[in-house]
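What follows is each chain in one-letter form.
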Amino acid sequence: MYEFAVAPAVTGIRRRGVEIAEVSPESLGFELELEPGDRILKVNGRSVRDYLDFRFQTAGETELVLDVRKTTGEDWELQIERGEGEDFGLSFEQIVPRQCANECIFCFCNGNPADARPSLFIKDEDVRLSFLYGNYTTLTSITEQEMRRIVEQRLSPQYVSVHATDLDVRAYLLGIDKKRADIAPKLTRLLDAGIEIHAQVVLCPGINDGAILRKTIADLAAEYPRVTSVAIVPLGLTRYNTDPRLTAVTPDFCRKTIAEISAIQADLRKRLGTTFAFLGDEIYLRGGRAVPARSHYGDYPQIEDGIGMVRSFNNEFSALLKSLERRPLAQPAKLRGTVLTGTLFAPVFKTLIDKINLRFGTWLTVEGVENNYFGGDVSVAGLLTGSDLVSARNQISGDFVIIPKSTLKSDEEIMLDGMKLEELTAKLGLLVYPLDLKSFAQFLFWNN
Ligand code: SF4
């Protein structure tokens, strides 16, 4: 059993080793009398800094020596022989992310209301989290030790925010000097060591679009297949991010970008056999254009960055419709409720839900909810807050409300503005179901 997560805050002090959070009953760790709170300091004489070190240093080893500091302060040396593949049954403390030292002009932290959840102000820049969760890093302040660790422990792929290969533009966007902004040698070193890179561009109108973007795509495509893909996502401005250097992304800008990049994508597909440079779903939705077909996205290399999510959702929804054909709902009229989502996705979702209503007799409505908490051009479902959903009370009809599961923290039923699900339920005076597509399908059948 291995588990890891991101710590909600950065603490200054780092203790030696990695702390055990849980020990499974009857596991090897249990037999060794390891307990929550114990710290593993070394494996076979090598220091352990975190969970990843422990996993790397124990992998494939059947004879091990663990240096452990017990919660009592005692130091134990454990000589272990374990069967091949035998698990320790340990889970560990969260990884404390390293923070970035950039001053990006578009940094999302500058766009948060002052009272937003503390975790929204974490400027993480951590190659471990890049490997584990696909978090982007800029590589600007990566240390030699971290570079070596990526290579030695094969922390591949890495997700790198490139933004522009033009050095002046990159330095300007990151708010740092050119020396620090220059990641070309670091990228080459990682690529030469066989580390796979996925790149990202946050597209800022008038800064890294046009010729700069074309150059960025061409430079990165020259490294294909070592650089596997580039995600081009639009700048998002909240009402708090009023930096005069930034220009909002408009529907017109999106349409222009789609036209320009479509031609480049066609050429890349011909030459490389992959679209390689993908535009974020938001660009198609804001531009009022249909998202590309399934084949455009290959194996969805950057779906977590909002690339192909809508296509994938549409296709999964079609599969749901097919399963409803095979197993029709017995009492569809009982399903009378409202689906609340962000204004960006609402029109797409409405078309899909209308199909269900029409074919199966349910009474579901879809309502787009304005994001007043962040304001600006924030319109995605995942950034809706409790106060936004409460303000949409008069848009709700029926007996229940469905909200996007992504509005809640992954490990707690709390929204970005700190409102808990139970509070939202009380304020709306209706049953509230936080669902994703899979649980939506289950919901339809359960409540029938
Ligand atoms: S690298 Fe990320 S967290 Fe750091 S300043 Fe830039 S946008 Fe903000």
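As the structure is a prediction and not an experimental result, all values here were calculated from the model. Starting from 1, residues in each chain are numbered consecutively following that chain's sequence as written. Per-residue local features are limited, in this predicted model, to residues with pLDDT of at least 70; the limit for side-chain atom pairs, both in listing and counting, is 80 or more; totals at the level of whole chains, interfaces and linings are taken over all residues. Calculated side-chain values reflect all of the structure's heavy atoms, with hydrogen atoms and water omitted.

It is not clear to me how the sheet that holds strand 10 (residues 277-279) should be interpreted in this structure. Could you clarify?
Within a sheet, neighbouring strands are paired by backbone hydrogen bonds and run either parallel or antiparallel to one another. In this analysis, strands are considered paired if DSSP registers two or more bridges between them. Where helices and strands are cited, they refer to DSSP runs of H or I of at least four residues and of E of at least two residues respectively, numbered from the N terminus. Sheet architecture is open: four strands sit in the order 7-8-9-10, paired in parallel fashion. Each having just a single partner strand, strand 7 (158-161) and strand 10 make up the two edges of the open sheet. Taking each pair of neighbouring strands and ignoring which way they run, the sheet shows an average axis angle of 25°. Here four bridges tie strand 7 to strand 8 (residues 197-203), and the two strands are oriented parallel to one another. Across the sheet, Val 160 pairs through a bridge with Ala 199, a residue of strand 8. The criterion used for residue contact is that any of the two residues' heavy atoms lie within 4.5 Å. What counts as an axis is a line fitted to C-alpha atoms, over the stretch in contact for a helix, and the angles between N-to-C directions run from 0 to 180 degrees. Docked against the sheet, helix 9 (residues 251-272) engages strand 8 and strand 10, running at close to 155° with respect to strand 10.

Is there a simple way to think about the site of the ligand in this case?
Throughout, the term near means that a residue has one or more heavy atoms lying within 4 Å of the molecule or strand in question. The ligand sits among Cys 100, Asn 102, Cys 104, Cys 107, Phe 108, Lys 123 and Thr 138. Of the residues in the shell around the ligand, the class split is four nonpolar, two polar and one charged. Amino acids are sorted into nonpolar (Ala, Val, Leu, Ile, Met, Phe, Trp, Tyr, Cys and Pro), charged (Asp, Glu, Lys and Arg) and polar (every other residue, Gly among them).

Teacher, can you tell me more about the side chain of Thr 216 here?
Tracing the chain through its elements places Thr 216 in helix 8 (residues 210-221). Burial classes follow relative accessibility: with a 1.4 Å probe on protein chains only, a residue under 20% of its type's maximum area counts as buried, one over 50% as exposed, and anything between as partly exposed. Of the residues examined, Thr 216 reaches a relative accessible area of 1% and is grouped as buried.

How do you make sense of the side chain of Gln 265 when you look at a structure like this?
Tracing the backbone shows Gln 265 in helix 9. Take Gln 265: its relative accessible area is 2%, and that puts it in the buried class. The residues touching Gln 265, leaving out its near neighbours within four places in the chain, are Thr 275, Ala 277, Phe 278, Leu 279, Tyr 284 and His 296.

What should I look at first to understand the packing of aromatic side chains in this one?
Aromatic rings from Phe, Tyr and Trp, taking only the six-membered ring of Trp, are treated as a pair when their centres fall within 6.5 Å; an angle between ring planes under 30 degrees marks them as stacked, one over 60 as edge-to-face, and anything in between as tilted. All chains considered together, the criterion is met by 17 aromatic pairs. Both rings, one in Tyr 51 and one in Phe 92, keep their centres 6.2 Å apart while their planes meet at 45°; by these two values the pair is tilted. Of this pair, Tyr 51 sits in helix 2 (residues 51-58) while Phe 92 sits in strand 6 (residues 90-92), and the two are 41 residues apart along the sequence. Of the two residues, Tyr 51 and Phe 92, neither departs from the other in class, the shared state being buried. Judged by centre distance (5.7 Å) and plane angle (85°), the rings of Tyr 136 and Tyr 159 are edge-to-face. Note that Tyr 136 is positioned in the loop between helix 3 (127-133) and helix 4 (144-152) and Tyr 159 in strand 7, a separation of 23 residues in sequence. Here the two residues Tyr 136 and Tyr 159 agree in accessibility, since each one is buried. Taken together, the aromatic side chains of Phe 313, Phe 317, Phe 345, Phe 349 and Phe 440 make up a single cluster linked through ring pairs. For Lys 70, the ring lying beneath its charged end belongs to Trp 76, and the centroid distance is 4.2 Å. Lysine and arginine charges are scored as sitting over a ring when NZ or CZ, respectively, is within 6 Å of the ring centre and within 35 degrees of the ring normal.

What should I look at first to understand the state of the cysteines in this one?
Note on terminology: disulfide describes a covalent bond linking the sulfur atoms of two cysteines. In what follows, a disulfide is any cysteine sulfur pair within 2.5 Å. One pass over the structure, following the stated rule, counts zero disulfides. Free cysteine Cys 204: the closest other cysteine sulfur is in Cys 104, separated by 9.2 Å.

Looking at this model, I keep getting lost on a negative patch on the surface. Mind explaining?
Together, Glu 26, Glu 31, Glu 86 and Asp 87 make up a negatively charged patch on the protein surface. Of note, Glu 26 is situated in the loop between strand 1 (18-23) and helix 1 (28-31). Relative accessible area serves as the criterion here: at 67%, Glu 26 is assigned to the exposed category. Put simply, a patch holds well-exposed residues, over 30% relative accessible area, that have no salt bridge, with like charges counted together within 9 Å and Val, Leu, Ile, Met, Phe, Trp or Tyr side chains within 5 Å. All accessible-area figures derive from a Shrake-Rupley calculation using a 1.4 Å probe, and residue coverage is judged against the displayed protein chains alone. A pairing counts as a salt bridge when a side-chain nitrogen of Lys or Arg comes within 4 Å of a carboxyl oxygen of Asp or Glu. Only four residue types enter the tally: Lys and Arg on the positive side, Asp and Glu on the negative side; His and the chain ends are excluded. For this purpose, a charge sits on NZ of Lys, CZ of Arg, CG of Asp or CD of Glu.

When you look at the packing of helix 4 against helix 7 (residues 184-192) in this model, what are you seeing that I'm missing?
Pairs of packed helices are described in terms of their axes, by the angle between the two and the distance that separates them. It is the contact of helix 4 with helix 7, at a shortest axis distance of 10 Å, that shows an interaxial angle of 25°. With respect to their mutual orientation, helix 4 and helix 7 come out roughly parallel. For the pair helix 4 and helix 7, the sense of crossing is right-handed. Residue-level contacts link Glu 144, Met 147, Arg 148, Ile 150 and Val 151 of helix 4 to Lys 186, Arg 189 and Leu 190 of helix 7. Of the residues contributing to the contact of helix 4 with helix 7, the split by class is four nonpolar, no polar and four charged. Orientation labels follow simple angle bins: below 35 degrees gives roughly parallel, above 145 gives roughly antiparallel, 65 to 115 gives roughly perpendicular, and whatever is left gives oblique. Helix crossings get a hand from a simple test, with the near helix turned counterclockwise from the far one by less than a right angle marking a left-handed crossing and a clockwise turn marking a right-handed one.

Even after reading the chapter, I still don't get the confidence of the model for the protein chain, so can you show me in this structure?
Any segment with low pLDDT has predicted coordinates that should not be analysed in fine detail. As a per-residue quantity, pLDDT reports the predictor's confidence and falls between 0 and 100. Per-residue confidence for the protein chain averages 91 on the pLDDT scale, and 96% of its residues sit at or above 70. Within the model, the stretch residues 1-12 combines pLDDT values under 50 with 40 contacts to residues more than four positions away or in other chains.

Quick question: what am I supposed to make of the nonpolar core here?
Generally speaking, a soluble globular protein has its nonpolar side chains buried in company with each other. The biggest cluster of nonpolar side chains holds 116 residues, and the ones touching the most others in it are Ile 40, Phe 317 and Phe 440. The dominant element in this core, judged by the number of residues it contributes, is helix 12 (residues 346-360), at seven residues. Residues belong to one nonpolar core when they are buried, are Ala, Val, Leu, Ile, Met, Phe, Trp, Tyr or Cys, and are joined through side-chain atoms within 4.5 Å. Among the nonpolar cores identified, the runner-up in size contains 16 residues, and Leu 340, Val 369, Leu 384 and Leu 421 belong to it.

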